[in-house]
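A closer look at the structure
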Amino acid sequence: MKKPSMILIIILFFLLVLTVFRLLWGSIYSTTHHPEAQEGVLDLRQGQLGEIQTTPVVGEWTFYPDVLLDQSALQQAQDGKTYNTFPNGWNNIPIGSTYTVGTYHLRILLPPSDTTTDYGLRMPVIQSATKLFIDGEEISGSGNPSVNPSDYIAQKVPYTVSFRSNKETIDVIVHVAHGNYPIRSSEVGVVKFGYASAINKETRFSVISQIIVLTVLGAVAIFIAFLYFVGKRPKSLLYFFLLLINAMLMVFLDVDKFLLKLIPITYESSVKMLFLVYTSIASFMLLFFKHFLPEYANKMLKWFLSAYLLYVGFILLAPVTYILSLRFLLGIVLLTTTCFITIQFFKAARNRMEDVLYLLLSAAAITNNVIWAIIYSNSTIERFFYPVDLLITIFLFSAFWLKRFLRNVHRIQGLSEELIQVDKRKDAFLANTSHELRNPLHSMINIAHSVLHSKENKLNQEDYQNMELLITVGKRMSSMINDLLDLGRIKENKVTLQLKPLPLQAVTAGVVDMLQHLLEDRPVQIQTDVQGDVQPVLADENRLIQILVNLLHNAIKYTDKGTITISTNYMDNKVVISVADTGIGMKEERIHSIFKPYEQGIEEDVDEVRGGVGLGLTISHQLVKLHGGEIEVHSALHKGSVFSFSLLLAKEEHSVVETPNLPVISHLEAAVSKAIETTHPILYSEAPKLLVVDDETINLRVLKNILASEQYEITTAVSGAEALEKLKTDTFHLLISDVMMPYMSGYELTKKVREQYTLSELPILLLTARNSSEDLSTGFASGANDYIVKPVDPLELRSRVDVLVKLKTSIAEHMRMEAAWLQAQIKPHFLFNTLNSIMYLMEIDQEKMRYVLDHFIQFIQTSFAFKNTETLVSLEEELALVHSYIEIEKVRFGDRVNIKWDVDARIKVQLPPLSIQTLVENAINHGILKQSEGGTVTISIKAYKGFTRISIMDDGVGMNSEQQVRLTKHNPRERKSVGIYNTDRRLRQLFGEGITIKSEQAKGTIVSFFVSNDQS
């Protein structure tokens, strides 16, 4: 940074250079040796008229005040004539003069010539109307000078004329008028005469100079406007643009006054427009300075702007005569502005501001221009268009801006490199921290789970809710950590896609089921409009699920009510998947940054914080790009959002959809599998039945091949609906289902199966593409027993199937043995009372004693019969047991036990053993015998089309609703009502429906169930 004294010397030298250059520029318009007119005659007969230079017409013109004379009238008006300069003499007539019009006359003497010569005359700006006559013929003019005010038209426009003459004398007459306007003007000019080529050359030079300036100003203005609209729109650029526009208007209105020649503008309007343009230039200079260097904008600037605003009001409202009379105010405005800015630039230099010298030199150039304008207005120096000061100001200021820009670019590059390194260190820190946090976080979640679900812990409602909240927060943090790890892998290009054809409808159905739990107790519905029979997409299943989960989760998070719609639009070789919601939406400016890391779509007027760290959409964006697609969003605040992304369709060579991507079984795996079989042999009375569900037949074939070496009977289904139909007609030991299936996903199928079968009655093994906690939680919440992540390992698949089948078999065996055990556990008091009854009858009625003894022996034999461990027995065998039991009870309780039979003897069906006997025993002991008078039990067996209905009705004490529910729900800690529960579960396994209980206290109970007639 240079010293202030050195800066001052540079500025003074710079002003000297500008002054010298201005004088040299002015020499272009001046002639060094030229004659002056004397007493109205300009003598050019000595060859003073140059071929390339014009001759200024200076000196004495003949002036006739207060009259407008033509050539013929000049001879009669010799008495009132005077001699005066033109146009300076007219523009500076004494204040208080009474005349408003006048005639100027000049005779130009030329050397003799035998040919006609082209001459030219250039008239400067003259107040306020002129008309030019050459040799008595009107050639041109500006406005209409007239002694009649109604015919007077004011206009200040310079003009150039060309004419031919072969005379030795040319008479030039100029009519002038000012129409009572103040005619003292700073626009001093000189009439130029010469050959037409010289006049036109000088005119062209002036015009081209102004066009160059306009071009430069326009180009800079366009560039500034571009920077303004593509950037952050700083006000400094706006005011600089307006400054340039007003500078262009100044060029249009000054000197040659192009605008007035192009557009018919009245004299009053043109004067006001010119004053407004100059005042606007001063105002925008101050406003630009205020926002460009705000640290140097003091209170004086506000006072200046306020004063300029008052002056603008004066220009707009005051008559033109007042504006012209007080035109010195404009000089004060311009000079004050340039001086103020120059002083502030000196302060910046004193504070060692970088590159302030450029600003000081530009201020010096514009100040120099203002000073010369004041000099021109107060002297007779010929005024001409001089663009150098303005161009140098623009150049110097642009140089300052460019240097500052380059310096900022260099600084930004350094900061960018530093930020890149910091960002890398941040990513490494987040990755390491995430890895370190994941294990203890999972431990915390697991501990919270164990506390929450431990039967030994007695938590009150508040503590229970707090533990659930802790688990929810922990899972959310775990999801955030997984997102951070995924983002790190994506940035490091460590994500490898396993592309394969995928059925889009199946994937979307599975994702929707996975996220349904988030919509509980919320008025939000997810609708899918995805076609299931079209060409599959080429994608990584795991990553496609991740994209859809992120987009759907985002839609659920920001939708309080309404619908979320998933739709597809198939094009030539790609499909566009859209997730539209009716949520809070976003503003347009938010859309441009929504896919950046850590950005969230939370608007300023939305108070609720929806959670998350803003990585889901970023990860989805990157994953879509890895797939070769594009993602975009359309949103409006309070109207919802639509996220759309595209995926390529699978080509014909990929037409076979291979979702699981199951590997080939190796020899080692086969050996290990055989070792497992040897160690843990499967002991089944019949081959276990497996139901395998997948919408792709090739996947079913692969699964059957893997399990072919085992002792399984495999049934396949290609949809959830088909699987449900097969479950109605057959029993299975295990259900294996893919998660992503069209129309009905594996999650939905699991839920429907659990409506009929418990976890132990029909185990379910799900095949899923992801092992995220959200997928597994959804699967287990739907009712699955286990899961396998694809691609499936054959050894793992066979091991898990083996365990689940053994579980099912052992549970079924346990239930059958439990039923037999219950029957075998004859209650001691029943046995003791029955024997006492037999002994009593032996003394009084031996016939009846033998009858009871026969039934007792039959009851004992049947209770310990091996058939009770079988799945089904005939209705005849079951009724024989029931009949023996009833006869014994009738002997024991006499008239308190009454039995009615309503049985169709033609019915031949099979049913679970001990099913009717258990219900009849319950009706007698817990129904009618609870009343002192006893009651009646009715056994009804009716055949209908396809099924048989068996009902046990009593008129005993009945039950309340809580007792009815408890009968069919198993509590391991209680052995009460185990028989009813066991009967209900066996009926559900075999026929799809259990027992139905209808009861009313003090009125009785009806227990019924159905068995199928077709048991082939």
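In this report, the structure presented in the accompanying data block is examined. (Residues numbered from 1 in each chain as written. Predicted model: local features only at pLDDT ≥ 70, side-chain atom pairs only at ≥ 80, totals over all residues. Heavy atoms only, no water.)

What the chain contains, in helices and strands, is 28 helices and 30 strands. Here the chain, with 1016 residues, has 47% of them falling under the buried criterion. By sequence separation, contacts in the chain at least 24 residues apart represent 75% of the contacts at least 6 residues apart. (Helix = DSSP H or I, 4+ residues; strand = E, 2+ residues; numbered from the N terminus. Buried < 20%, exposed > 50% of the residue type's maximum accessible area, 1.4 Å probe, protein only. Contact = heavy atoms within 4.5 Å.)

Glancing now at unusual backbone geometry. Cis peptide bonds are those with omega within 30 degrees of zero, and the linkage from Phe 86 to Pro 87 qualifies with 5 degrees. You will see that Asp 135, though not glycine, has its phi angle at about 50 degrees, which is positive. Note on placement: Asp 135 falls in the loop between β7 (129–134) and β8 (137–142). With a phi close to 65 degrees, Leu 914 is a non-glycine residue in the positive phi region. Examined against the element boundaries, Leu 914 turns out to sit in the loop between β26 (910–911) and α26 (915–928). By relative accessible area, which is 2% here, Leu 914 ends up buried.

Attention now goes to the side chain of Thr 130. As for its position among the elements, Thr 130 is in strand β7. In this structure Thr 130 comes out as buried when scored by relative accessible area, which is 3%. Within the local environment of Thr 130, its side chain forms a polar contact with the side chain of Tyr 159, the two groups lying 3.1 Å apart. Not counting residues up to four positions away in its chain, the partners in contact with Thr 130 are Gly 141, Ser 142, Gly 143, Pro 145, Tyr 159, Val 174, His 175 and Val 176. (Polar contact = N/O pair within 3.5 Å; in protein donor to acceptor, adjacent residues only side chain to side chain.)

Before going further, it helps to spend a moment on the packing of aromatic side chains. Counted according to the given criterion, the structure contains 20 aromatic pairs. Both rings, one in Phe 86 and one in Tyr 104, keep their centres 4.5 Å apart while their planes meet at 40 degrees; by these two values the pair is tilted. Placement of Phe 86 in the loop between β4 (82–84) and α2 (88–91) and of Tyr 104 in strand β5 (residues 101–109) is noted, with a sequence separation of 18 residues between them. An identical accessibility class is assigned to Phe 86 and Tyr 104; each is buried. Consider the rings of Tyr 228 and Phe 229, whose centres lie 5.2 Å apart with planes at 80 degrees: the pair is edge-to-face. (Phe/Tyr/Trp six-rings, centres within 6.5 Å; stacked < 30°, edge-to-face > 60°.)

Turning our eyes to something else, we now look at the sheet that holds strand β20 (residues 713–717). If you trace the 5 strands from one edge of the open sheet to the other, you get β20-β19-β21-β22-β23, paired in parallel fashion. Each edge of the open sheet is held by one strand with a lone partner, namely β20 and β23 (786–789). With direction set aside, neighbouring strand axes in the sheet form an average angle of 20 degrees. Note that strand β19 (residues 689–693) and strand β21 (residues 734–738) share 4 bridges and pair parallel. Bridging from a neighbouring strand, Leu 690 pairs with Leu 734 of β21. Contacts from helix α19 (residues 720–729) reach β19 and β20, with the element oriented near 135 degrees to β20. Contacts from helix α20 (residues 746–754) reach β19, β21 and β22 (764–768), with the element oriented near 170 degrees to β22. (Pairing = 2+ DSSP bridges. Axes fitted to C-alpha atoms, helices over the stretch in contact; angles between N-to-C directions.)

Our focus in this paragraph is the environment of Trp 61. Of note, Trp 61 is situated in strand β3 (residues 61–65). Those residues within four positions of Trp 61 in sequence are excluded, and the remaining contacts are Gly 40, Thr 82, Tyr 83, Asn 84, Phe 86, Tyr 104, His 105, Leu 106, Val 172 and Val 174.

The next thing to look at is helix α14 (residues 541–557). Over its 17 residues, α14 extends 24 Å from the first C-alpha to the last, a length consistent with the 24 Å expected when each residue adds 1.5 Å. The backbone nitrogen of Asn 542 has a side-chain oxygen 3.0 Å away, supplied by the residue at the start of α14, namely Asp 540. (Expected span 1.5 Å × (residues − 1).)

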